[in-house]
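# Understanding the architecture of this molecule
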Amino acid sequence: MKIKEVIKKARSLSDPFRITNGKRFRLKDIDPGETLHLKSEDKDAAKEALVTGVETLRALQDMLYAQDQWSVLLIFQALDAAGKDGAIKHVMSGINPQGCQVFSFKGPSAEELDHDYLWRCMKCLPERGRIGIFNRSYYEETTAVRIHPEFLRGQKLPAKLITDKIWDQRFKDISNFERYLTRNGVIVRKFFLHLSKDEQKKRFLARLDRPDKNWKFSINDATERGFWNEYMKAYEDTIRNTATDYAPWYVVPADNKWFTRVVVAAAVVDALGSLDLAYPTVGKEKQKELEAARQHLMVSK
């Protein structure tokens, strides 16, 4: 299948989950178990589509790297066990490591707390020609920090700056930051992997049942389930206020990992496909240099 055809199909698959204007967005309107027209018996076909998407992504990323003009920032947000790591691993499996950077943001360090909340993420923005992946990001500041007031207190902000307007201010600051990135050649795409509470419980229990998965489970994971409704509200509010045409959110159903990965791959292919990428062409002088090099190699031993 030609690249243009794959890009077209990718757009049709990812568009139902693309949010560019949050005014009418409601998280309850997205079913975590949604698979569109695909059924469980279509898993093999979906895996084949993922392979095609990864191959196309590899070709597009190669041109992105060679062209050295644009960069791409992919942000992944989700509750625990939604499959962020797996999605990143499978979708980006064919990418040249030289052109891809992955950063996971845990709780901020003492040094990071001595700076503004965007600082640690700004340091990790992708260079031109590269794809940067944030596994969690500055969006923790409008979700986890909003739910846990002690996190906000730990940021040592002047008391007079902590008002009931702080979250709206952060939404505006983040949107302005993403507009700035876009105007400087950084394509921003954001993914919220939308997992149901029942499916999360199943995955947590599976981690406990399998010794090779025990390391992935923390008692804090179970504790955070107690804030489920608060997290759903915080994410809905965040998406409603930061979804834009230049930095859209993709709210991806996450109860079926095979479908999640296909949609994420489709959205990334669509993003790269929108850049009109191509390998650089060389001028006449460069062509003369190349021909001279050819002649030299032909006669050399």
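Shown above is the structure to which this text applies.
This structure is a prediction, so every number in the text was calculated from the model and none was measured.

### Some details on helix α12 (residues 257-273)
- With 17 residues, α12 should reach 24 Å at 1.5 Å per residue; the first-to-last C-alpha distance of 24 Å fits that figure.
- The element α12 is extensively covered by neighbouring structure, given that 15 of its 17 residues are classed as buried.

### Topic: the layout of surface pockets
- Considered as a void within the structure, the largest pocket measures approximately 1400 Å³ in volume.
- Lining the largest pocket are 44 residues; nearest its centre among them are Asp 80, Lys 84, Lys 106, Arg 136 and Asp 221.
- Of all elements in the fold, only α3 (84-91), α6 (144-147), α9 (197-209), α10 (219-224), α11 (228-242) and α12 reach the threshold of two or more residues within the lining of the largest pocket.
- In terms of residues, the lining of the largest pocket owes the most to one element, α3, which gives five residues.
- Among the residues forming the lining of the largest pocket, the class breakdown is 14 nonpolar, 11 polar and 19 charged.
- Its volume calculated, the second largest pocket comes out at about 370 Å³.
- Around the second largest pocket sit 19 residues that line it, and Lys 9, Ala 10, Leu 13, Ala 49 and Val 262 are the ones nearest its centre.
- Only α1 (3-14), α2 (43-67) and α12 provide two or more residues apiece to the lining of the second largest pocket.
- With six residues, the top contributor of residues to the lining of the second largest pocket is α2.

### A word on the pattern of salt bridges
- According to the stated counting rule, one finds 16 salt bridges in the structure shown.
- Salt-bridge contacts for Arg 203 lead to Glu 199; the nearest nitrogen and oxygen are separated by 3.0 Å. With Arg 203 and Glu 199 both in helix α9, this residue pair falls four residues apart, about one helical turn. Accessibility assignment for this pair places Arg 203 and Glu 199 in one class, buried.
- Each of Arg 11, Arg 18 and Asp 270 takes part in a single network of salt bridges with overlapping partners.

### Regarding the environment of Cys 121
- Topologically, Cys 121 is positioned in helix α5 (residues 119-122).
- The spacing of Cys 121 and Ser 137 is 16 residues in sequence and 6.8 Å in space, taken between C-alpha atoms.
- Not counting residues within four places of it along the chain, the set of residues in contact with Cys 121 comprises Phe 105, Phe 134, Ser 137 and Tyr 138.

### Comments concerning the packing of α2 against α12
- Relative to each other, α2 and α12 sit at 30°, their axes nearing to 9 Å. When the interaxial angle is binned, α2 and α12 end up roughly parallel. Relative to α12, α2 is oriented so that their crossing is left-handed. In contact with Lys 43, Ala 46, Leu 50, Gly 53, Thr 56, Leu 57, Leu 60, Gln 61 and Leu 64 of α2, α12 contributes Trp 258, Arg 261, Val 262, Ala 265, Val 268, Val 269, Leu 272 and Gly 273.
- In terms of residue class, the contact of α2 with α12 is made up of 11 nonpolar, four polar and two charged.

Criteria and thresholds
- Residues numbered from 1 in each chain as written.
- Predicted model: local features only at pLDDT ≥ 70, side-chain atom pairs only at ≥ 80, totals over all residues.
- Heavy atoms only, no water.
- Helix = DSSP H or I, 4+ residues; strand = E, 2+ residues; numbered from the N terminus.
- Expected span 1.5 Å × (residues − 1).
- Buried < 20%, exposed > 50% of the residue type's maximum accessible area, 1.4 Å probe, protein only.
- 1 Å grid on protein atoms, 1.4 Å probe; cavity = no way out; pocket = protein on both sides within 12 Å on 5 of 7 lines; lining within 4 Å.
- Points joined across faces, edges and corners; volume = space filled by probe spheres on them.
- Nonpolar A, V, L, I, M, F, W, Y, C, P; charged D, E, K, R; others polar.
- Salt bridge = Lys/Arg side-chain N within 4 Å of Asp/Glu carboxyl O.
- Contact = heavy atoms within 4.5 Å.
- Axes fitted to C-alpha atoms, helices over the stretch in contact; angles between N-to-C directions.
- Parallel < 35°, antiparallel > 145°, perpendicular 65-115°, else oblique.
- Left-handed = near helix turned anticlockwise from the far one by under 90°.

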